[in-house]
Amino acid sequence: MKKFLKPHEREHILGTVYGWPMGLWFTLFFTVPLGIIILYSFLKRGLYGGVEWEFSLTAYRQMFNPSFGKVVLRTLWISILSTFICIFLAIPCGYAMAKSKHQTFLLFLIIIPFWTNSLIRVYAWISILSTEGFINNLLIRMGIINQGLKLIYNNGAVVLVLIYMYLPFAILPLFTTIDKFDFSLLDAAHDLGATKLEAIVKVMFPNIRSGLSTAFIFTFIPIFGAYAVPLLVGGKDSTMIGNIIVDQVSKTRNWPLASAFSMVLTLISLVGVFWMLYNGKREQHLQKKTTQQTLEHNIKSHHTHRGKA
Amino acid sequence: MKGVEVTVKRVSRSYGDFKALDDVSVGIQKGEFFSLLGPSGCGKTTLLRIIAGFDYPDSGSVAFDAKDILSLPPEKRQSNTVFQTYALFPHLTVYENIAFPLRLRRVDAKTIDAKVQEYVRLVQLEEHVYKKPSMLSGGQKQRVAIARALINEPSVLLLDEPLSALDAKLRQNLLIELDQIHDKVGITFIYVTHDQSEALSVSDRIAVMNKGKILQIGSPYEIYEAPATRFVAQFIGETNIFSATVLSCEPYEDEYMLCVDVPALKEKVYVTDAEAQQVGSSLDFTVRPEKVRISLNPPRSTNKTLNTFKGVVDEPVYSGFQSKFYVKLETAAETQVKVFKQHTAFLEDGPDIEWKDTVYVSWTAGDGYLVKDTER
């Protein structure tokens, strides 16, 4: 007799089949290269780029060079500052969008910048900020200043352009969670004596936590690995980890060191992703537990009620 | 008596072309259980939101004990609200939800604990203190909302259709509980509902609203027995209502006995009224179905003011404690008269009146009522 599969068994097999192409793709183009980077970071540098097949921790030791330390610290403060400003700006944006009648149009506006290549958008900022750029020209014509201000090639310009580039990535997840937020809770909080700020901090923030953490990850990780922005609008003191990696690969030709720095980026990103997963899992778990308990409770109370009567 | 007097004076509020409130005035007494009753879109919730401070009138004033409150934000008003959707904070436990207003005022932990325990006992939620709102049933959630709204010791409690999301049995129980809570705390309750039976059963007074206007303010008894307009008569309870023209009007005891022509019944009807009416004026005649008697034999009384009609049972509806009959009249076949008959005695073979039976329906002149139709 022919063996029939039970529905859940079939689903299981189908799942595996559907999973294959993606698994293969990730293995070939993600896991294997990552493995190569890990491997390279533990090898000796070749004289003209490449590596010599000999185990060594030199790359990791070189990372503790004070000049690199400064870059790591700068990368950290630039990333944290830009991320927080992004989220700070994104919360009211998401709030306004969730409340607006023209949601689709506003979403469309946020997506428009993605139609243009990000490098071109950075060049646009150069033409806006440079000494003969738009802002300086405008200010000179208005007679407010008589000499171009130095707006570009410094850390401020880097932070500004990074915020510009990654703000949409903070707005979108915040918008989706705020859109699901029950605004009558804010009314309730006011009614119970909370000021506007108290209501937002004590009632809204705890309820949009998943959006906040997603926005944080979506902006912090790419900003931490930024390369083009500090290169194009930063000064000589604006180097970030991304720039070191490029320099080590293409100029200094120290591939193990570049790999070691990449590992740092990957690890920090991983910590973020795990934090996000943990948050999501915990929320899910809590919800699952509560529905289960409510169900049990309802069944129990139903029966005890009957028993009494 | 605790609580405050709430005075609403000439309040209007429009949303674009839609007039949600049209020159509404109402005075609510200290400690009163006052209901705003009306169909959806009649403006009752808008009025409540204006009193709570979530909405602002285009004109008019609202005062608590003669002190204008419109300039105050919601958090500064002595009122608290129980929301239709409960609006419990999902990230906080029942305990923290109830303690929320006290934590905002930075009350010390000991006082908070004592007060939370007190209000948890008031709404009988002792077992559920450490649960999150998502683990509670609808009735329990509503109790948390009530405790949370009361813990600030407001002078006015505003209830926005608090029971509409619950099933019928639970609604009845919570309604009685709400009334008991009102007796205990003694503050002014303003209760918004579209359910006339809820409003009738607990209110001291009711304001019936429609299309942004208050049609009648009165005790449940007054509203039911002496509706001011055709709308009130139809909205509160069930009734038979027909257009009528006054044929004659004579003093009768301390009232007036009127004879009116009711085209729908193709017959004259006798009805008493407290006021004299002009002969020839158009009014609406109404009689409640439970005041109409139904029998298989003609009534023995020969009093000419007993209105009697012969008809056929078109549709009997048995519902245990009573039966509803829709009776098609012999004189006017297109008109149905609704009659309720209470089953007070045990019936061996089921209801004695059945489908297609020829019956007599009758009511005395005193049981009918005349209303003005303001909306015609």
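Here we summarise the structure given alongside this text. (Residues numbered from 1 in each chain as written. Chains lettered and ligands numbered in written order. Predicted model: local features only at pLDDT ≥ 70, side-chain atom pairs only at ≥ 80, totals over all residues. Heavy atoms only, no water.)

1. Concerning the nonpolar core
The condition is simple: By nonpolar core is meant a set of buried Ala, Val, Leu, Ile, Met, Phe, Trp, Tyr and Cys residues that side-chain atoms within 4.5 Å join together. The rule is simple: take the accessible area with a 1.4 Å probe, protein chains only, and divide by the maximum for that residue type; under 20% is buried, over 50% is exposed, in between is partly exposed. Numbering of helices and strands runs from the N terminus; a helix is a DSSP stretch of H or I covering at least four residues, while a strand is a stretch of E covering at least two. Any two residues whose heavy atoms approach within 4.5 Å are treated as being in contact.
Among the nonpolar cores identified, the biggest contains 80 residues, and L162(A), V233(A), V6(B), I51(B), F89(B) and I190(B) are the most heavily contacted of them. Considering each element in turn, this core owes the most residues, 14 residues, to helix α7 (residues 155-180) of chain A. Excluding residues that lie within four positions of it along the chain, F89(B) makes contacts with L185(A), A188(A), A189(A), L192(A), V203(A), N97(B), F100(B), P133(B) and R148(B).

2. Things to note about the pairing of strand β18 (residues 336-342) of chain B
Keep this limit in mind: Only strands joined by at least two bridges in the DSSP assignment are considered to pair.
With 7 bridges connecting them, strand β17 (residues 322-329) of chain B and β18(B) associate as antiparallel partners. By the bridge assignment, S323(B) is partnered in β18(B) with K341(B).

3. Observations regarding the pairing of strand β2 (residues 51-55) of chain A
Residue and element names in this part refer to chain A. Here 3 bridges tie strand β1 (residues 43-45) to β2, and the two strands are oriented antiparallel to one another. Looking at β2, one finds that L43 is bridged to F55. Two successive antiparallel strands, β1 and β2, enclose a turn made up of 5 residues, where G49 displays a positive phi of approximately 80 degrees.

4. Thoughts on the interface of chain A and chain B
The test is simple: Accessible-area loss on putting two parts together, using a 1.4 Å probe and summing over both, is the definition of buried area adopted here. Salt bridge criterion: a side-chain nitrogen from Lys or Arg within 4 Å of a carboxyl oxygen from Asp or Glu. In protein, a polar contact means a hydrogen-donor-capable atom and an acceptor-capable atom, both N or O and within 3.5 Å, with residues adjacent in sequence counting only if both atoms are side-chain atoms; elsewhere, any N or O pair within 3.5 Å suffices. When residues are sorted by character, Ala, Val, Leu, Ile, Met, Phe, Trp, Tyr, Cys and Pro go into the nonpolar class, Asp, Glu, Lys and Arg into the charged class, and all the rest, Gly among them, into the polar class.
If you look at the interface, chain A gives 20 residues, while chain B gives 27 residues. Of the roughly 2,100 Å² buried where chain A meets chain B, counting both sides, 58% is carbon and sulfur surface. Applying the counting rule to chain A against chain B returns 1 salt bridge. Between D187(A) and R49(B) there is a salt bridge, with its nearest N and O atoms 3.5 Å apart. Counting the contacts that link chain A with chain B gives 6 residue pairs in polar contact (both at pLDDT 80 or more). Those elements that provide at least two residues to the side of chain A that touches chain B are α8 (184-191), α9 (196-207) and α13 (255-308) of chain A. Per-element accounting of the side of chain A that touches chain B gives the leading share, 7 residues, to α8(A). Classifying every residue of the side of chain A that touches chain B by side-chain character gives 7 nonpolar, 9 polar and 4 charged.

5. Digging into the environment of L107(A)
Note that L107(A) resides in helix α4 (residues 103-111). When neighbours within four sequence positions are excluded, L107(A) is seen to be in contact with M97(A), L172(A) and F175(A).

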